[in-house]
There are 2 protein chains.
Amino acid sequence: MARAMNFNAGPAALPLEALERAQRELIDFAGTGMSIIEHSHRGKAYEAVHNEAITLLRELLDIKDTHHVLFLQGGASQQFAMIPMNLLKPGQSADYIVTGAWGKKAIQEAKTVGTVRSASAGDPEAKPARVPKQSELDLDANAAYVHLTSNETIGGSQWHEFPSTGKAPLVADMSSDILSRPIDVSKFGLIYAGAQKNIGPSGVTLVIVRKDLVETGRTDIPKIFRYATHAAENSLYNTPATFAVYLVRNVLDVLKKNGGLAAIDKQNRAKAKALYDAIDARPDFYRCPVEQGARSLMNVVFNLPTPELEAEFVTATQKLGMVGLKGHRSVGGIRASIYNAVLPEWVGALAQFMNDFHKGS
Amino acid sequence: MARAMNFNAGPAALPLEALERAQRELIDFAGTGMSIIEHSHRGKAYEAVHNEAITLLRELLDIKDTHHVLFLQGGASQQFAMIPMNLLKPGQSADYIVTGAWGKKAIQEAKTVGTVRSASAGDPEAKPARVPKQSELDLDANAAYVHLTSNETIGGSQWHEFPSTGKAPLVADMSSDILSRPIDVSKFGLIYAGAQKNIGPSGVTLVIVRKDLVETGRTDIPKIFRYATHAAENSLYNTPATFAVYLVRNVLDVLKKNGGLAAIDKQNRAKAKALYDAIDARPDFYRCPVEQGARSLMNVVFNLPTPELEAEFVTATQKLGMVGLKGHRSVGGIRASIYNAVLPEWVGALAQFMNDFHKGS
């Protein structure tokens, strides 16, 4: 069958080249007579892959020696707990800027660990979705950290510039937009991301964390949940998700070959523009529930005049070989997730279809 | 290259048939035009795989409706923390029967969470390795649970009959021998296992847990670490390690086709016997540091007269295409891990080599 036009929100499309390499090598990795899955995580073959993935991340994101690069497990959802467990000390409070459903989950989980406060007013899931301006933030100068979600996959909003947080380290859930654009890692205390959007398969979590935060992290929590444990062992304290890290390596290698973050950023902007233009050209028919300045370049969400038309739209796209365009079950509507590996021609086909569907309705 | 004779301790050999199926399907899963890695964890294609893996586990291990079957992340090392976090309540104590390095790690991590006591005397890493008799145990009748490690991969000891623990639920780390033999799951409160020995790739953790323990588990811990969270959502609360679960499905399918646990148990016993016979036939040269009744059927550890001879032995096996025979760095010696997917002919070749090497030395 021809390759599906995959607009899944995550797990999502991966570069075909990265998958084809995995397929070729799956039974016999580098002439070793074994799959990479069967190699010891303490052996030379796997360790080279593991370190290459870390090196590629450092290159692509320009991560300095001030930060550790860790491969953990449990996804962003586990980081929701691990961040306050490590960084929020007794007597301290942490600030959360909540701009959607994922930020809400993050603050709720943090509340099971310690004292947190919301640094922005209003219902974060109200429409239109937006991100607050610096002047709207109510930041605690003594906060242990300030947490935000750089891209909300459900609501479809994204931070295009990050706020200043003074001395408080900025912590960002970048699960759905990491590696989609250049960022200044030095401005962040901690960046985390489940891999299953732009990095690789589900089952591995990237954590980029400032070394001083690791050194001063809490030690009265289980060893497995301390960043210090994993940092000291180059993420080999316990067995990592070896195949997942291997596939991350393949994905990063393709990204680098194709020009890195500057090139993919340009492509991502063009892809998003094609869809937002299709929406804005027919304001009587398509409606984006996100403020102009906060529209996500990764998850383009929009509504049609009725839920019935939305269902018809989704069915029609499926017949064209498009997958994953139904909005999240909690909000309905349409959502096109257009991560790095979603090809411009798929996005072009969707924009064209949006035009045709509008005319035909 | 010919397939390596893989004696790795884990990640370890997997059935070639399971890997070949993964290779065939890697780019286009079931005619969907997408890799299983690219499918949504909430879509029909992945959910069918996920549920098939659970059904196969229930069939193979005869797991009744009294127990949940969960796919989590973080390996056994994360369970070392999650078990006391969930099951050990304030004012309670848990018993640990420590028979080696892994049991030691488990009790050390549990101490970061609550009150635990050792239910067996002596240094668990003393030689010869052994497992205590029922009469040697000092069990607390009111323990929240009793923990043991069914097979110690480093020391090479294994429980061949499990102790009675009265009302206290028995909790077992079966990372390295689950699915290698029939067990009576109904006798256990909780069984857990990192997948990377007999189940599949690293990155997914199997937890089989009695429903009443889940229902009465602690709720004052982060939601992501509660078994109740994952049980309520069929392990789809957050994104599971989808490819890892898929590969587990493939491995279980092969195991079932080949006759299930009774058949693999017979094969595993024959494999272990071949190696222990080779050791016992030359007691002046090979020495197994494990008591006869506690010898592992999964990890056969032995020593040669000198470390120099051991190094020579390992080098010679490598030239024959054997991998992973060097003992764990903490204890030295030789270790042959002979999990389900290690072929009888590889074991036969090793036994033959042991004979030849003895003659030649």
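All chains use their own residue numbering, which begins from 1 and follows the written sequence. Chain letters start at A and ligand numbers start at 1, both assigned in the order the entries are written. The model is predicted, so local features are restricted to residues of pLDDT at least 70 and side-chain atom pairs to those at 80 or more, both for listing and for counting; the totals for chains, interfaces and linings are taken over all residues.

Peer 1: Please clarify how the interface of chain B and chain A should be interpreted in this entry.
Peer 2: Each side of the interface is counted separately: chain B has 57 residues, and chain A has 57 residues. If you list the elements that add at least two residues to the side of chain B that touches chain A, you get α1 (16-25), α3 (75-87) and α7 (242-257) of chain B. Element by element, the count of residues in the side of chain B that touches chain A is highest for α3 of chain B, at five residues. Taken together, the residues that form the side of chain B that touches chain A break down as 26 nonpolar, 25 polar and six charged. Here contacts are defined at the residue level, using C-beta atoms placed from the backbone and a cut-off of 7 Å between them. Starting at the N terminus, helices and strands are each numbered in turn, a helix being any DSSP run of H or I of at least four residues and a strand any DSSP run of E of at least two. In the scheme used here, Gly and all other residues not listed as nonpolar or charged are polar, with Ala, Val, Leu, Ile, Met, Phe, Trp, Tyr, Cys and Pro taken as nonpolar and Asp, Glu, Lys and Arg as charged.

Peer 1: Please clarify how unusual backbone geometry should be interpreted in this entry.
Peer 2: If a residue is not glycine, its phi is most likely negative; likewise, a peptide bond is most likely trans. Residue and element names in this part refer to chain B. Cis geometry marks the peptide bond from glycine 10 to proline 11; its omega dihedral reads -5°. Within the secondary structure, proline 11 is located in the loop between β1 (5-6) and α1. Proline 128 follows lysine 127 through a cis peptide bond whose omega is -5°. Relative to the elements of secondary structure, proline 128 occurs in the loop between β4 (115-118) and β5 (146-149).

Peer 1: Just checking my understanding: could you explain the sheet that holds strand β9 (residues 190-194) of chain A for this structure?
Peer 2: Hydrogen bonds between backbone atoms are what pair the strands of a sheet, whose relative direction is either parallel or antiparallel. Residue and element names in this part refer to chain A. Taken in spatial order, the seven strands of this open sheet run β2-β10-β9-β8-β5-β3-β4, and their pairing is mixed. With partners counted over all chains shown, the strands left at the sheet margins are β2 (67-72) and β4 (115-118), one partner each. On average, adjacent strands in this sheet sit at an angle of 20° to one another, irrespective of strand direction. Every angle, taken between N-to-C directions, lies between 0 and 180 degrees, and every axis is a line fitted to C-alpha atoms, over only the stretch in contact when it is a helix. Along the sheet face, helix α3 (residues 75-87) touches β3 (93-97), β8 (170-173), β9 and β10 (205-210) and points at about 150° away from the line of β9. Only strands joined by at least two bridges in the DSSP assignment are considered to pair.

Peer 1: Got a minute to help me understand the relation of the copies chain B and chain A in this structure?
Peer 2: Superposition of the two copies of the chain requires a rotation about an axis and a shift along the axis. When chain B is brought onto chain A, the operation consists of a screw motion whose angular component is 180° and whose axial shift is 0.0 Å, with 0.0 Å RMSD remaining. Such values leave the two copies arranged in the relation of a two-fold axis. For chain B, the residue whose C-alpha comes nearest the rotation axis is glutamine 23 of chain B, separated from it by 2.7 Å. Both copies share a contact surface, since 100% of the interface residues of chain B are interface residues in chain A too. Superposition of the copies was done by least squares, using only C-alpha atoms of residues whose pLDDT is at least 70 in both.

Peer 1: Help me out: how do you make sense of the domain arrangement of chain A in this one?
Peer 2: By a widely used convention, the size of an interface equals the accessible area lost when the partners come together. Residues and elements named next belong to chain A. Residue ranges labeled as domains rest on an automatic or database domain assignment. Segmentation of chain A into domains returns domain 1 (16-257) and domain 2 (260-360). Taking only C-alpha atoms, the centre of domain 1 and the centre of domain 2 are 27 Å apart. The partner domain 2 presents 24 residues to the 25 residues of domain 1 that form the contact. Secondary-structure elements contributing two or more residues to the side of domain 1 that touches domain 2 are β7 (157-158) and α7 (242-257). For the side of domain 1 that touches domain 2, the residue count by class is nine nonpolar, ten polar and six charged.

Peer 1: I tried to follow the sheet that holds strand β10 (residues 205-210) of chain B on my own but got confused; where do I start?
Peer 2: Residues and elements named next belong to chain B. Here we have seven strands laid out as an open sheet, ordered β2-β10-β9-β8-β5-β3-β4, and mixed in their pairing. Across the chains shown, the open sheet's two edge strands, defined by having one partner strand only, are β2 (67-72) and β4. For this sheet, the mean angle separating the axes of adjacent strands, direction not counted, is 20°.

Peer 1: Can you walk me through the environment of glutamine 134 of chain A in this structure?
Peer 2: All names here are of chain A. Positionally, glutamine 134 belongs in the loop between β4 and β5 (146-149). Sequence separation between glutamine 134 and serine 164 is 30 residues, and the spatial gap between their C-alpha atoms is 7.4 Å. If near-sequence neighbours (up to four positions away) are discounted, glutamine 134 is found in contact with Pro163 and Ser164.

Peer 1: Can you help me understand helix α4 (residues 101-111) of chain B in this one?
Peer 2: In an α-helix there are 3.6 residues to a turn, and that puts residues three or four apart on one side. Residue and element names in this part refer to chain B. Counts of 20 or more other C-beta atoms within 10 Å of a residue's own C-beta define buried residues, counts of 12 or fewer define exposed ones, and intermediate counts define partly exposed ones; C-beta atoms are placed from the backbone. Those residues of α4 not exposed but buried are Trp102, Gly103, Ala106, Ile107, Glu109 and Ala110. Along the axis of α4, the buried positions cluster into a sector of 165°, meaning they face one direction only. Contacts from the buried residues of α4 go to α3, β3 (93-97), β4, β5, β6 (151-152) and β8 (170-173). Within this analysis, the arc is defined by the directions that extend from the helix axis to the C-beta atoms.

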